[in-house]
Amino acid sequence: MLRNVIRFLIMFSFFKILKKSKKSAARLGELKTSHGLIHTPAFFPVATQATVKSLTPKEIKEIGFEAVLCNTYHLYLRPGEKNIKKLGGLHKFMNWSGPIATDSGGFQVFSLGFGLEHRVGKVLKEKDQNNFNQEKIKGQQAKLAEIDQNGVSFTSHLDGSIHRFTPEKSVRIQEDLDADIIFVFDECTSPLASYDYTKRAMIRTHKWAKRCLKVKKRKDQLLFGVVQGGSFKDLRKESAKFISDLPFDGIGIGGSFGKDEMKKTLDWILPYLPENKPRHLLGVGYLRDLKEAIKRGMDLFDCVYPTRLARHGTFLAPLDAKLSNGGEMNIFKAVYRLDKAPIMKNCFCYTCQNFSRAYLHHLFKAGEILGSRLATFHNLWFMRQFMKEIKQAIKDNKF
């Protein structure tokens, strides 16, 4: 009993719920890290290799983001966590003074394994369901990642060299990187994986979570456990209970989701998640998904979605915009060749305030780098405003 009280007091000192919605499980919070506050719900731009592609840290801050997420596996490959440590840690290395989160390398277990071999993503799409027969998928036949009970052997996509990740090594790398929020090493399973395989992977993830807790040394880093279990209700509930009972600083919700299954998954696990701990829904950034997840009590998010779209000439717009793809505008379309309007008339980002659709269409058709920069700036500005409006709606009990 005393142990639980002490744990609650420690948690309360760095995560505070400021407001709960009267219409849903949404909440406003404040997460304290060694490099500043994060006001939740919050979206983290992904700085995979210690950079949000095409923008400077100053621009990310000007847009209004408080934190970013970096990739442990890719930074381990280059320039190496030891080199980053010698240079003063990630904050000094990339000149970012705000909070930084690092994933564990667990997503690469999927993306470089089953995901790469069978070309499926974290969230199953219609074409994936049409192309694959789930009954034939018995497990993950890894292409660049081989899994065993103690860890994962990765084949580097850079030079073909073999690299071994264990829970202990993942934590040590993240400690050397000097992130504020770190995650346990886990196995992110495919949305096409069978029940039996997903269960074995979940049990393995649970064992790895305990090993991560045991080896963690630094007190100034927050360690998040990760809930797995795929699209199976009993496994998700079991994993949520198991991870929530361990003394983690926060809870990550990982793994993959079948088409339109994210809402169900969050509904299954929400009753088992500690209310006083921050919850990070890993790798989710579609606008509709963010809205539904926040309504279900999620606090933190990260995704390459807005920046990856930008590099391919797609600008974010409101979900109710009259576009063929909802909230996405493909600037390559010929209809924009002579269009003098900005991407969004009521957007106050630098891109919309200064450039026409015609000019942006020209930049992308000509392959100019400025096109990617301006699109990325707009998309992240849009994401920031999207989250800001949701926060206000929670405050007003309208969300």
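Computed from a prediction, not measured in an experiment: that's the story for all the values here. All residue numbers here refer to positions counted from 1 along the written sequence of the relevant chain. Local features in a predicted model are, by the rule used here, given only for residues with pLDDT of at least 70; side-chain atom pairs are given and counted only at 80 or more, and totals for whole chains, interfaces and linings are based on all residues. Processing note: side-chain calculations cover all non-hydrogen atoms of the structure and skip hydrogens and water entirely.

Visitor: What is the right way to read the nonpolar core from this model?
Guide: Generally speaking, a soluble globular protein has its nonpolar side chains buried in company with each other. In this description, a nonpolar core means a group of buried Ala, Val, Leu, Ile, Met, Phe, Trp, Tyr and Cys residues linked to one another through side-chain atoms lying within 4.5 Å. With a 1.4 Å probe rolled over the protein chains alone, any residue whose accessible area is under 20% of its type maximum counts as buried; one over 50% counts as exposed, and the rest are partly exposed. The biggest cluster of nonpolar side chains holds 104 residues, and the ones touching the most others in it are Leu90, Met94, Ile253, Leu281 and Phe301. Considering every element that reaches this core, the biggest residue donor is helix 17 (residues 369-395), with 11 residues. Residues within four places of Met94 in sequence aside, it is in contact with Ala47, Ala50, Thr51, Pro57, Val68, Cys70 and Ile100. Note on conventions: DSSP H or I runs of at least 4 residues are helices, E runs of at least 2 residues are strands, and numbering of each starts at the N terminus. Between two residues, a contact is recorded if the distance between any of their heavy atoms is within 4.5 Å.

Visitor: Looking at this model, I keep getting lost on empty space enclosed by the protein. Mind explaining?
Guide: Gaps between atoms show up when a probe of the same size as a water molecule is rolled over them. A pocket, in this scheme, is an open set of points on a 1 Å grid over the protein atoms alone with protein on both sides within 12 Å along at least 5 of 7 lines, while a cavity is a set where a 1.4 Å probe fits but cannot get out; residues line either one if an atom lies within 4 Å of a point. Grid points are joined across faces, edges and corners, and a volume is the space filled by probe spheres set on the points. Evaluation of the coordinates by the stated rule reveals 1 cavity of 30 Å³ or more. Looking at the largest cavity, its volume works out to about 70 Å³. Lining the largest cavity we find Ile38, Pro41, Ala42, Phe43, Phe44, Phe65, Glu66, Ala67, Arg384, Met387 and Lys391. Listing elements by their share of the lining of the largest cavity, those giving two or more residues are strand 4 (42-47) and helix 17. The residue inventory of the lining of the largest cavity, partitioned by class, reads 8 nonpolar, no polar and 3 charged. Basically, the charged four are Asp, Glu, Lys and Arg, the nonpolar ten are Ala, Val, Leu, Ile, Met, Phe, Trp, Tyr, Cys and Pro, and anything else, Gly included, counts as polar.

Visitor: Hey, could you run me through helix 11 (residues 233-244) in this one?
Guide: An α-helix turns once every 3.6 residues. As a result, residues three or four positions apart point the same way. A helix is expected to span 1.5 Å for every residue after the first. Helix length check: helix 11 (12 residues) gives 16 Å between terminal C-alpha atoms against 16 Å at 1.5 Å per residue, within 8%. Restricting attention to buried positions, one finds in helix 11 the residues Leu235, Arg236, Ser239, Ala240, Ile243 and Ser244. On an axial view of helix 11, the arc spanned by its buried residues comes to 150 degrees, and they lie on one face. Those residues of helix 11 that are buried lie in contact with helix 10 (195-215), strand 11 (222-227), strand 12 (250-253) and helix 12 (262-269). Comment: arc refers to directions from the helix axis out to C-beta atoms.

Visitor: Would you mind going over the side chain of Arg296 with me for this structure?
Guide: With respect to the helices and strands, Arg296 occurs in the loop between helix 13 (287-295) and strand 14 (300-303). Each polar contact in these results corresponds to two N or O atoms within 3.5 Å; when the atoms are within protein, one needs to be able to donate a hydrogen and the other to accept it, and residues that are neighboring in sequence are counted only if both atoms are side-chain atoms. A distance of 2.9 Å separates the side chain of Arg296 from the side chain of Asp267, its partner in a polar contact.

Visitor: Please explain the state of the cysteines as it appears in this structure.
Guide: Put plainly, a disulfide is one covalent bond tying together the sulfur atoms of two cysteines. We call a pair of cysteine sulfur atoms a disulfide when they lie within 2.5 Å. Enumeration over the complete set of coordinates arrives at 0 disulfides. Cys347 supplies the cysteine sulfur nearest to Cys349, a cysteine that is in no disulfide, at a spacing of 3.5 Å. The class for Cys349 is buried, based on a relative accessible area of 0%.

Visitor: Just checking my understanding: could you explain the pairing of strand 1 (residues 15-20) for this structure?
Guide: Pairing geometry for strand 1 and strand 2 (residues 27-33), over 5 bridges, is antiparallel. Residue pairing for strand 2: Phe15 is matched across the bridge by Leu31. Any two strands are treated as partners once DSSP identifies two or more bridges connecting them.

Visitor: What should I look at first to understand the packing of aromatic side chains in this one?
Guide: The description of two aromatic rings rests on the distance between their centres and on the angle between their planes. The criterion for an aromatic pair is that two Phe, Tyr or Trp rings (for Trp, the six-membered ring) have centres within 6.5 Å, with stacked assigned to planes under 30 degrees apart, edge-to-face to planes over 60 apart and tilted to the rest. The full count for this structure, using the stated rule, is 16 aromatic pairs. A centroid spacing of 5.4 Å and a plane angle of 90 degrees characterise the contact between Phe154 and Phe165, whose relative ring orientation is edge-to-face. Taken together, the residues span a long stretch of sequence, with Phe154 in strand 8 (residues 152-155) and Phe165 in strand 9 (residues 162-165) at a distance of 11 residues. An angle of 85 degrees between the planes, with centres 5.1 Å apart, marks the rings of Tyr195 and Phe232 as edge-to-face. Of this pair, Tyr195 sits in helix 10 while Phe232 sits in the loop between strand 11 and helix 11, placing them 37 residues apart in sequence. Through successive ring pairs, a cluster of aromatic residues spans Tyr73, Tyr76, Phe154, Phe165, Phe185 and Trp208. Between the NZ or CZ atom of Lys61 and the centre of the ring of Trp96, over which it lies, the distance is 5.3 Å. In this scheme, the term charge over a ring applies when either NZ of a lysine or CZ of an arginine sits within 6 Å of the ring centre and within 35 degrees of the ring normal.

Visitor: Help me understand the sheet that holds strand 14, please; the structure alone is not making it clear to me.
Guide: Sheets are built from strands paired through backbone hydrogen bonds, the pairs being either parallel or antiparallel. Read around the closed barrel, the 8 strands follow the order 4-5-6-10-11-12-13-14; overall the barrel is parallel. Here the strands of the sheet are splayed against their neighbours by 30 degrees on average, with no regard to which way each runs. Between N-to-C directions, angles span 0 to 180 degrees; the directions come from axes that are lines fitted to C-alpha atoms, helices contributing only their stretch in contact.

Visitor: Looking at this structure, I do not really get helix 16 (residues 357-366). What am I missing?
Guide: Listed as buried for helix 16 are Arg357, Ala358, Leu360, His361, Leu363 and Phe364. In this fold, the buried residues of helix 16 make contact with helix 14 (305-311), strand 15 (314-316), strand 16 (328-330), helix 15 (350-354) and helix 17.

Visitor: What is the right way to read the pattern of salt bridges from this model?
Guide: Here the idea is simple: oppositely charged side chains can pair when their charged atoms come close. Salt bridge criterion: a side-chain nitrogen from Lys or Arg within 4 Å of a carboxyl oxygen from Asp or Glu. Across all of its chains, the model carries 13 salt bridges by this definition. In this structure, the salt-bridge partner of Asp176 is Lys85, at a minimum N-O distance of 3.4 Å. Here Asp176, found in helix 9 (residues 167-177), pairs with Lys85, found in helix 4 (residues 81-86); they are 91 residues apart in sequence, far enough to count as distant. By relative accessible area, which is 11% here, Asp176 ends up buried. We note a salt bridge from Arg218 to Asp178, for which the minimum N-O separation is 2.6 Å. In this pair, Arg218 sits in the loop between helix 10 and strand 11 while Asp178 sits in the loop between helix 9 and strand 10 (181-183), placing the two residues 40 residues apart along the sequence. Taking relative accessible area as the criterion, Arg218 reaches 24% and is therefore assigned partly exposed. Ionic contacts of the salt-bridge type, sharing partners, join the residues Lys82, Lys85 and Asp176 into one network.

Visitor: Is there a simple way to think about the environment of His157 in this case?
Guide: Checked against the element boundaries, His157 lands in the loop between strand 8 and strand 9. In sequence terms His157 and Leu77 are 80 residues apart; their C-alpha atoms lie 9.5 Å from each other. In this structure His157 touches Tyr73, His74, Leu77 and Leu144, once residues within four positions along its chain are discounted.

Visitor: How do you make sense of a positive patch on the surface when you look at a structure like this?
Guide: For patches, a residue must show more than 30% relative accessible area and have no salt bridge; joins then use 9 Å for like charges and 5 Å for nonpolar side chains, namely Val, Leu, Ile, Met, Phe, Trp and Tyr. Only the protein chains shown count as cover for residues, and the accessible areas themselves come from Shrake-Rupley with a 1.4 Å probe. Positive charge is attributed to Lys and Arg, negative charge to Asp and Glu, and no charge count is given to His or to the chain ends. For this purpose, a charge sits on NZ of Lys, CZ of Arg, CG of Asp or CD of Glu. There is a patch of like positive charges on the surface, built from Lys23, Lys263, Arg288, Lys291 and Lys295. If one sorts the elements of the positive patch by residue count, helix 13 sits on top with 3 residues. Checked against the element boundaries, Arg288 lands in helix 13. Looking at Arg288, the relative accessible area reads 53%, which means it is exposed.

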